[in-house]
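Here's the letter readout for the chains.
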Amino acid sequence: MVWKFLSGISAACLGVALYFAYISKNDVHEERAAEQRAKANFATVQNYKKKADEALAQKGTQLKGLEADRDKLKTDVVTAEADSKKKEADLAQAKKSLTETVEQLTAVQKKIEEAGDVTKLVAQVQALQTEKKSAEAIVAAEAAKVTGIQEKLAGIQQQTERLRTVEANSRKGVIEPTFTARVAQAFTDWGFAVLNKGNNGGVIANAELEVQRGKNIIARLKVRNVEQAIAVADIVPGSLAQGYVVRSGDLVKAAPVKAEPPRTPAATAPAAGGATPPATAPGAAPAPAAAPAMGASDPFAPAPGTPAAPAPAAAAPAMGASDPFAPAAGTPPATPPATPPAEAP
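Residues numbered from 1 in each chain as written. Predicted model: local features only at pLDDT ≥ 70, side-chain atom pairs only at ≥ 80, totals over all residues. Heavy atoms only, no water.

A. Highlighting the overall build of the protein. Within the protein one finds 4 helices and 6 strands. Written out in order from the N terminus, the α and β elements of the protein read α-α-β-β-β-β-β-β-α-α. In the protein, buried positions account for 20% of the 345 residues. Long-range contacts, defined here as pairs at least 24 residues apart, represent 67% of the contacts in the protein between residues at least 6 apart. As presented, the protein carries roughly 24500 Å² of accessible surface, and 61% of it is formed by carbon and sulfur atoms. (Helix = DSSP H or I, 4+ residues; strand = E, 2+ residues; numbered from the N terminus. Buried < 20%, exposed > 50% of the residue type's maximum accessible area, 1.4 Å probe, protein only. Contact = heavy atoms within 4.5 Å. Areas by Shrake-Rupley, 256 points an atom, 1.4 Å probe, with all protein chains shown as cover.)

B. Layout of the pattern of salt bridges. The full count for this structure, using the stated rule, is 9 salt bridges. One salt bridge in this structure joins Arg-213 and Asp-250, with 2.7 Å as the shortest N-O distance. Linking Arg-213 in strand 3 (residues 208-213) with Asp-250 in the loop between strand 5 (231-235) and strand 6 (251-254), this pair joins segments that are 37 residues apart in sequence. Residue Arg-213 shares its accessibility class with Asp-250, and that shared class is buried. One network of salt bridges, in which partners are shared, links Glu-208, Glu-210 and Arg-220. (Salt bridge = Lys/Arg side-chain N within 4 Å of Asp/Glu carboxyl O.)

C. Structural context of the nonpolar core. Counting residues in hydrophobic clusters, the biggest one holds 22 residues, and the most contacted among them are Leu-195, Leu-209, Leu-221, Val-223 and Val-252. Residue contributions to this core peak at 5 residues, all from strand 4 (residues 216-226). Leu-195 has contacts with Arg-182, Val-183, Ala-184, Leu-209, Leu-221, Ala-229, Ile-230, Ala-231 and Val-252, leaving out every residue within four places of it along the chain. (Core = buried A, V, L, I, M, F, W, Y, C linked by side-chain atoms within 4.5 Å.)

D. Quick look at a nonpolar patch on the surface. Taken together, the side chains of Val-2, Phe-5, Leu-6 and Ile-9 present a nonpolar region at the surface, about 400 Å² in accessible area. Structurally, the position occupied by Ile-9 is in helix 1 (residues 2-114). Exposure remark for Ile-9: the relative accessible area of 36% places this residue in the partly exposed category. (Patch = residues over 30% accessible without salt bridge, like charges linked within 9 Å, V, L, I, M, F, W, Y side chains within 5 Å.)

E. Fine view of the sheet that holds strand 1 (residues 180-187). Spatially, 1-2-5-4-3-6 is the arrangement adopted by the 6 strands of the closed barrel, whose pairing is antiparallel. Looking at each pair of strands side by side, their axes are set apart by 45° on average, direction ignored. Where strand 4 lies against strand 5, 5 bridges are found, and the strand directions are antiparallel. Across the sheet, Asn-225 pairs through a bridge with Val-232, a residue of strand 5. (Pairing = 2+ DSSP bridges. Axes fitted to C-alpha atoms, helices over the stretch in contact; angles between N-to-C directions.)

F. Structural detail: the packing of aromatic side chains. Taken as a whole and judged by the stated rule, the model has 1 aromatic pair. Measuring from centroid to centroid gives 4.9 Å for Phe-187 and Phe-192, while their planes differ by 20°, and the two rings are stacked. It is Arg-224 that lies over the ring of Phe-192; its NZ or CZ is 5.9 Å from the centre. (Phe/Tyr/Trp six-rings, centres within 6.5 Å; stacked < 30°, edge-to-face > 60°. Lys NZ or Arg CZ within 6 Å of the ring centre and 35° of its normal.)

G. Region of the structure containing the pairing of strand 3. Burial analysis of strand 3 places 5 of its 6 residues in the buried class, the great majority of the element. Both strand 3 and strand 4 contribute to a ladder of 6 bridges, which runs antiparallel. Bridge pairing in strand 4 places Val-211 opposite Ala-219. As paired elements, strand 3 and strand 6 share 4 bridges and run antiparallel to each other. Note that in strand 6 the partner of Gln-212 across the bridge is Leu-251.

Next comes the structure, spelled out in structure tokens:
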């Protein structure tokens, strides 16, 4: 009887062990699937980071090239100015020689009138006339050289100004007002779009753009990464019009540049004699506080009273934090409207 009881207990234990083994097997399968998904997401993030690093290195190379061109142009300008000064000195010397030759010729002609040996004086006059023609030819040649050098100097200065403008626009993210492009691929759920133009098409990092469909502006973009033929731009949070999604083929143009607000006059010094400004009347609104010291010296600081830029969205969950294109935490996935609004062709 004891062995039957022990056998029953053993069978029950074996059944419980089989049940837990089955549950553990399913848990192992789920953990392996989660691990594979995590590895795939990590590989994708590494690929995005590699592309971003390559784009950053390319930008650094381009900036170094522009700086080298600028330094070369500066050297050329200095050389051209030195050559121009030298040519002007040579021209002044040639003019001086011409003046001396004319004076000598005048003196010889006067001597011819006064002297009796006309044949000898005529020979001297002819020699001086030949020297005069040679000096005039030298003066004309030197004048032509000076003119050419001045034209070259003007061209170099124009090119220098153009490169300075391009460099300043690149640092500020200002793009040409006539710039247009198309959306090559749109990833509205991820908050970015790929444009069909890059460096070769005039795209500049940090440039602000608008997405236009028909006559409507449906979203604003800010360029993040730029390559030779394509660019990646983030959709500015809160700029996407309700009921719209960015699609491939949408027109992209430069956003209008906001004019700088007028400067506020500096606070006046107290009146002489220690007089204090009048107190604010009861019930009157208090005077606005003076702008911070930085705003007075920073030409790009916002004027007093300008609303602050919106704060960035909250961080994504743990896995999404390593994905630079993951939507912010708590943001519902963007879904197209059931009935899209009527749009202009």
